[in-house]
Amino acid sequence: MKKLIIQSLISLTIFASVSVFAQTQSTAPIAKQIEDLKKEIIALNRDLFILEEDLLFPSSTQLAVYLSIDVGTYFQLDSVELKIGDKTVTHYLYTQKQIDALHRGGVQKLYIGNIAQGEHEISAFFHGLGPEKRPYKRGVVLSVDKDEDPKAIELQIRDSNLKLQPKFEAVEL
């Protein structure tokens, strides 16, 4: 159903673009007409993308989970596994370039999807190398009460200089 709606909107976009082109053909040079048509198609494409996002991920059921890393002296991330309830929704293995980007302040969108309203348990498991380069696996659990508003969660990996250990947190945004 959603795919049919999106295809119909794309067809409508193309039809509207051709109509605009046909109407302006007699009054402006061809290069100008093509430029105007390109601009309108880009604007319509943006509107279609927003509409598609609203159809696929309505705000009443939308959940987004992000990951950020601060410093990373005591933990070198290899992978993350994200679960909602008992279901694994994301398992991500990192390359060195991705880790470097996260250390420079990047934030990764781990998951965007739909969940029903109500109480949910979100758990994340981090695998990597901890202090003294030993294998390290830690998890964090957050209980979320999903209402009709979109929900965003940030998984944070931070260094604790007091304990000389990494600290893992899940924070609702």
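Structure: above.
Below or above, wherever it landed, is the structure these notes cover.

## Brief notes about the pattern of salt bridges
When their charged atoms lie close together, side chains carrying opposite charge are able to pair. Applying the stated criterion across every chain yields a total of five salt bridges. Taking the shortest distance from any N to any O, the salt bridge between Arg 158 and Asp 70 comes out at 3.5 Å. One end of the pair, Arg 158, is in strand β7 (residues 151–160); the other, Asp 70, is in strand β1 (residues 62–70), with 88 residues separating them in the sequence. Taking the relative accessible area as the measure of exposure, Asp 70 reaches 37% and is therefore partly exposed. Two residues, Lys 151 and Glu 172, come together in a salt bridge whose shortest N-O distance is 3.1 Å. Residue Lys 151 is found in strand β7, and its partner Glu 172 is found in strand β8 (residues 165–172); the two are separated by 21 residues along the sequence. For Lys 151, a relative accessible area of 14% translates into the label buried. Look at Glu 172 and you get partly exposed, because its relative accessible area is 35%.

Here is what the cut-offs are and how they apply
Residues numbered from 1 in each chain as written. Predicted model: local features only at pLDDT ≥ 70, side-chain atom pairs only at ≥ 80, totals over all residues. Heavy atoms only, no water. Salt bridge = Lys/Arg side-chain N within 4 Å of Asp/Glu carboxyl O. Helix = DSSP H or I, 4+ residues; strand = E, 2+ residues; numbered from the N terminus. Buried < 20%, exposed > 50% of the residue type's maximum accessible area, 1.4 Å probe, protein only.

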